[in-house]
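So the chains spell out like this:
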Amino acid sequence: MHGNLNGNRARTGASSVDFYRRVPRDLTEATTLGAFMSLCAIVLMGLLFFAETIAFARSNIVTEIALDDNTDPQIQLNFNITLFALHCDYVSVDVWDVLGTNKQNVTKNIEKWQTNDLGNRISFSGRNRETRELQYETHVESLEELHANGVHVTNIESKQHFEEFLKQHEMAFVNFFAPWCMWCQRLHPTWEKFAEVVDEEEMPVGVASIDCVTHVDICRDQSIKAFPSLQWYEEGIFQAPPYKNDRTVAAFSSFTKRKLELNSKFKDWSQNQKGKTKEEYRQLYVVAENPGCQVSGTLMVNRVPGNFHIEAKSKNHNLNAAMTNLTHRVNHLSFGPMGKNPSRQIVRALKQVPDSLKQFNPLDDQLYITTKFHSAYHHYIKVVSTHLNFGSSSKNVPTLYQFLEQSQIVNYDVVNVPEARFSYDLSPMSVMIEKTGRKWYDYLTSLSAIIGGTFTTLGLIDAVLYRIFKPKKL
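Fair warning: this is a prediction, and the values are worked out from it, not measured in the lab.

(A) Main features of the overall build of the protein. When its secondary structure is counted, the protein shows 9 helices and 20 strands. Residues classed as buried in the protein amount to 42% of the 474 residues present. Sequence separation of at least 24 residues holds for 82% of the intrachain contacts in the protein that already meet a minimum separation of 6. Of the accessible surface of the protein, which amounts to about 27,500 Å², a share of 54% is contributed by carbon and sulfur atoms.

What follows is the structure, encoded as structure tokens:
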């Protein structure tokens, strides 16, 4: 007896903490309304369970802003730019920054291609190539002393005079110069002596000079972009490209003789000159030229504010600022390891990044047209370090760089040569792009809330509706 009594007391004590007490079935009542609400509860819990499971399986991309802890002293700059009206011989890439770096005419890792009117490549112009300094002659006689036996160079005095000169001379060699140009000043005695050689050897060639400061209209019509420009004419038509070799009497004479030998009308002019024949002269290799250039490469620049700019410059010429047009297309511009063709690892990681966070090369394929001389586009770029954190798939992805840009036209003084400038500045902040997902315990908590909340809410609704629609007893 005592044993049964103690056992009943133990069970009664344990039952007192039962949270899930049973209601005898005889005391419950099944209704149609209750059945309908139960079906609604099952459907609603199923929908919420499905939606919660999808949300748990899906990851989200989030961004955070933090101070940039990158300690690399330099950053790689990748560029590919097409200039539609500037010859590769005159394209110079310069780099400057606030630390005092000032690199002129950078050629390391720089590649140039001559282009056609549409900006498409037509011939390779060189890689890592520095412009050769042309040879000049030093003459004992001054220009006045060379004129003692007569002036052999025809000085063009007007546009009409130039047209008449080209009509009188089917073959003509013309020097377009500016009095202030130091290269032109060094050339004057040599040019006069060359003209004297032409007369002595009775070459059927007219030699002339045109002052582009006095006769601006003639030089503009002939698209003279640099001084001195030595141009060969046949039957009044300029034969591109301009003369680019040494500026000596022997070089001018050799070039002129080769030109004559290649002309069907004048090929026999030298038969009375010591019996020389056409075979004794080296053939000219002539490539049709268009004043366009595609310049591309990589630069290692300091991680401080600075700029790189493309400027018309030459070791052997003074540029004509009035004819320098820097219309250009940015085929590609980026910072860091992105480049035009990033590695497969970077491409794979970026597939998970939304397009709104892929501002790695916003300037690509943008055309900047300059309609007036003495002006050029300047581009202002703010660079932001970007770190990807996608777990194992981005473990070895290097730091990437996004940037924002603003471009505007800048006007220059008449005497200054325009330049296409790309100014950059690195932000002290960096962007962290991360993939986040829900924790498993958060998922289980949500499922419990769905079950409990749905059951309780619909239970309350069922109770209210039952009280409203319950038949009243008479």
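(B) Up close: unusual backbone geometry. Of the consecutive residues phenylalanine 227 and proline 228, the connecting peptide bond is found in the cis state with omega at -10 degrees. Tracing the sequence through the fold places proline 228 in the loop between β10 (226-227) and β11 (229-234). Note the cis peptide between alanine 240 and proline 241, where omega equals 0 degrees. Mapped onto the elements, proline 241 comes out in the loop between β12 (237-238) and α7 (249-262). For asparagine 109, which is not glycine, the phi dihedral falls at a positive 60 degrees.

(C) Highlighting the side chain of asparagine 80. With respect to the helices and strands, asparagine 80 occurs in strand β2 (residues 74-83). What makes asparagine 80 buried here is its relative accessible area of 17%. Among all residues touching asparagine 80, those that are not within four sequence positions of it are Arg121, Gln294, Val295, Ser296, Arg329, Val330, Asn331 and His332.

(D) Highlighting the state of the cysteines. Summed over the entire model, instances satisfying the criterion amount to 2 disulfides. Disulfide partner of cysteine 88: cysteine 293, at an S-S distance of 2.1 Å. An S-S torsion of about 100 degrees defines the bridge between cysteine 88 and cysteine 293 as right-handed. Within this pair, whereas cysteine 88 is found in the loop between β2 and β3 (91-97), its partner cysteine 293 is found in strand β13 (residues 293-302), the two being separated by 205 residues in sequence. On the basis of relative accessibility, which here comes to 3%, the residue cysteine 88 falls in the buried class.

(E) Looking closely at the packing of helix α5 (residues 182-200) against α7. Relative to each other, α5 and α7 sit at 45 degrees, their axes nearing to 9 Å. Between α5 and α7, the angle falls in the class oblique. Crossing handedness for the pair α5 and α7: right-handed. In this structure, α5 uses Leu187, Thr190, Trp191, Lys193, Phe194 and Val197 to contact α7, whose residues at the interface are Val249, Phe252, Ser253 and Thr256.

Criteria and thresholds
- Residues numbered from 1 in each chain as written.
- Predicted model: local features only at pLDDT ≥ 70, side-chain atom pairs only at ≥ 80, totals over all residues.
- Heavy atoms only, no water.
- Helix = DSSP H or I, 4+ residues; strand = E, 2+ residues; numbered from the N terminus.
- Buried < 20%, exposed > 50% of the residue type's maximum accessible area, 1.4 Å probe, protein only.
- Contact = heavy atoms within 4.5 Å.
- Areas by Shrake-Rupley, 256 points an atom, 1.4 Å probe, with all protein chains shown as cover.
- Disulfide = S-S within 2.5 Å.
- Axes fitted to C-alpha atoms, helices over the stretch in contact; angles between N-to-C directions.
- Parallel < 35°, antiparallel > 145°, perpendicular 65-115°, else oblique.
- Left-handed = near helix turned anticlockwise from the far one by under 90°.

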